[in-house]
Amino acid sequence: MGLFSRSDEFFGLDIGSTTLKLVQLKASSGKPLLVTYGTASIPIGLSQSDSDIDIRRLSEVIRQLVKGTRATTKNVSTALPENQVFTLVLPFPQMSPADLKKAVQWQVQQNLPMNIEDVRYDWQVISVPKNANEQVQVMITAAPIERVRRINRIIAEAGLNLVGLETTNIALSRSLATFPGAKILIVDIGAMSTELAIVENHIVLHSRSISFGGEAFTRAISNTLGLDLAQADQFKCKFGVTLEKLEGRVYKAIKPILATIVDEIIKSMQFFENQFGSRVDLFIISGGSAKMPEIGTFFAKTFNMDVQIANPWKNIAYPVSVQEDIINNAPDYSTVIGLALREVK
Ligand SMILES: Nc1ncnc2c1ncn2[C@@H]1O[C@H](COP(=O)(O)OP(=O)(O)OP(=O)(O)O)[C@@H](O)[C@H]1O
Ligand SMILES: [Mg+2]
């Protein structure tokens, strides 16, 4: 489900709030092959800013990243963060595809806080009814046209063509939901936001966005332990959620933030259970903050569930020379690999 159409050759570009990630893949008879990849750091705030000067600065960083990675195309597939998208799942009676299309359009008009002319929307049936009376569940994704135009402008100013635009959770589901039939909870903890998605067979059944991420951990450590932000960041990356190190002081500092994430996950799981009548089978943590020591153990203990740290490279073929970098930073690339995989599926 994309908000735009597809094209032959392109690379994925994840415009995060602290890091841009680029991955280009090539289809092959076996696993998709890595053509090139790279990252670029950006100051916090730049990727969300609407000022002309910031848009030009961001475009320039993208231009340099493309040049540095020697991507072989100018076609880009990117994602809108969940906080810029409206997602809703609604039940509809069974009807013909043409009638369903009209019914969805009507519901978009009723449910979105904007005029239909001001949004770009897409929809997908996400449940197959078991009998004639059962309703079909439809997920509707809508983005304000002004957000789509802004992304178009950033990409155009970088000298590139936007050929694919989808939501972060759809990209995540493509790279991480690789267990047929399993209902997977994906929690992507970035720097400034945390995205939750429950997916099955690459279809996003539920999504939720929390407006903080790893930066909030750093600030909490800085405030509680009286460290500057750079030191606090080092403590976070070194000690993470371990109780044994420093008498668990780093863990105690970030505990209230983790507790909020846990509450949101519980809400999502309960909502999902009520709507779909089934439970989550597997829990995958993704994003840069998934590299925090012991975070997997923390969630596994809290939810008494099987918890995995995301490895979106699992089904990609790459040269041994980049293996160490890729494995050490695997969860950073979940969104961008999902974007890049769209082409080769
Ligand atoms: N080893 C580590 N331990 C803990 N946190 C880490 C580690 N490495 C990176 N991080 C944190 O991961 C975050 C960056 O992750 P990521 O690249 O997924 O974010 P982003 O995509 O730029 O942001 P967002 O998705 O919120 O827009 C930062 O907060 C960073 O401090
Ligand atoms: Mg991100």
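To keep things clear, this report deals only with the structure shown in the data block. (Residues numbered from 1 in each chain as written. Chains lettered and ligands numbered in written order. Predicted model: local features only at pLDDT ≥ 70, side-chain atom pairs only at ≥ 80, totals over all residues. Heavy atoms only, no water.)

### Digging into the pairing of strand S1 (residues 11-15)
In step 1: Counting buried positions along S1 gives 5 out of 5 residues, so the element sits mostly inside the fold.
In step 2: Here S1 shows two buried faces, one formed by Phe 11, Leu 13 and Ile 15 and the other by Gly 12 and Asp 14.
In step 3: Pairing between S1 and strand S4 (residues 75-80): 3 bridges, direction parallel. Bridge assignment links Leu 13 to a residue of S4, and that residue is Thr 78. (Buried < 20%, exposed > 50% of the residue type's maximum accessible area, 1.4 Å probe, protein only. Helix = DSSP H or I, 4+ residues; strand = E, 2+ residues; numbered from the N terminus. Pairing = 2+ DSSP bridges.)

### So, the sheet that holds strand S6 (residues 119-125)
In step 1: The strand order across the open sheet built from 3 strands is S5-S7-S6, with neighbouring strands paired in antiparallel fashion. Every interior strand has two partners, whereas the edge strands, strand S5 (86-92) and S6, have only one. Going from strand to strand, the sheet's axes swing by 25° on average, the running direction of each strand aside.
In step 2: The sheet contact formed by S5 and strand S7 (residues 136-144) spans 7 bridges and is antiparallel. What sits directly across from Phe 92, in S7, is Val 136.
In step 3: Along the sheet face, helix H2 (residues 97-111) touches S5, S6 and S7 and points at about 130° away from the line of S6.
In step 4: Sheet contacts for helix H3 (residues 145-157): S6 and S7; angle to S7, the most-contacted strand, approximately 60°. (Axes fitted to C-alpha atoms, helices over the stretch in contact; angles between N-to-C directions. Contact = heavy atoms within 4.5 Å.)

### A word on the sheet that holds S4
In step 1: Read from one edge to the other, the open sheet built from 5 strands follows the order S3-S2-S1-S4-S8, with strand pairing classed as mixed. The open sheet has two free edges, formed respectively by strand S3 (33-41) and strand S8 (161-167), since each of these has just one partner strand. With direction set aside, neighbouring strand axes in the sheet form an average angle of 20°.
In step 2: Contacting S1, strand S2 (19-26) and S3, helix H1 (residues 52-69) crosses the sheet at an angle of about 145° to S3.
In step 3: Across the sheet, H3 touches S1, S4 and S8, and the angle it forms with S8 is around 140°.

### Quick word on the site of ligand 1
In step 1: For ligand 1, the set of nearby residues contains 19 residues, the closest of which are Ser 17, Thr 18, Lys 21, Met 192 and Lys 236.
In step 2: A distance of 2.8 Å separates an oxygen atom of ligand 1 from a polar atom in the backbone of Met 192.
In step 3: For ligand 1, an oxygen atom lies 3.4 Å from a polar atom in the side chain of Glu 215.
In step 4: Relative to its unbound accessible surface of 650 Å², ligand 1 loses 84% to contact with the protein.
In step 5: More than half of the atoms of ligand 1 fall within 2 Å of the grid points belonging to the largest pocket. (Near = heavy atom within 4 Å. Polar contact = N/O pair within 3.5 Å; in protein donor to acceptor, adjacent residues only side chain to side chain. Areas by Shrake-Rupley, 256 points an atom, 1.4 Å probe, with all protein chains shown as cover. 1 Å grid on protein atoms, 1.4 Å probe; cavity = no way out; pocket = protein on both sides within 12 Å on 5 of 7 lines; lining within 4 Å. Sits in = over half its atoms within 2 Å of the grid points.)

### Some words on empty space enclosed by the protein
In step 1: If you walk through the whole model with that rule in mind, you get 2 cavities of 30 Å³ or more.
In step 2: Here the largest cavity defines a volume of roughly 80 Å³.
In step 3: Forming the walls of the largest cavity are Ile 15, Ser 47, Gln 48, Leu 58, Ala 79, Leu 80, Pro 81, Gln 84, Arg 150, Ile 151 and Ile 154.
In step 4: Within the residue set of the lining of the largest cavity, elements represented by two or more residues are S4 and H3.
In step 5: Ranked by residues supplied to the lining of the largest cavity, first place goes to H3 with 3 residues.
In step 6: Roughly 40 Å³ of volume is contained in the second largest cavity.
In step 7: Taken together, Glu 82, Thr 87, Met 139, Thr 141, Thr 167, Asn 169, Ile 170, Val 204 and Ser 207 make up the lining of the second largest cavity.
In step 8: Within the residue set of the lining of the second largest cavity, elements represented by two or more residues are S7, helix H4 (168-176) and strand S11 (203-210).
In step 9: Of the residues contributing to the lining of the second largest cavity, the split by class is 3 nonpolar, 5 polar and 1 charged. (Points joined across faces, edges and corners; volume = space filled by probe spheres on them. Nonpolar A, V, L, I, M, F, W, Y, C, P; charged D, E, K, R; others polar.)

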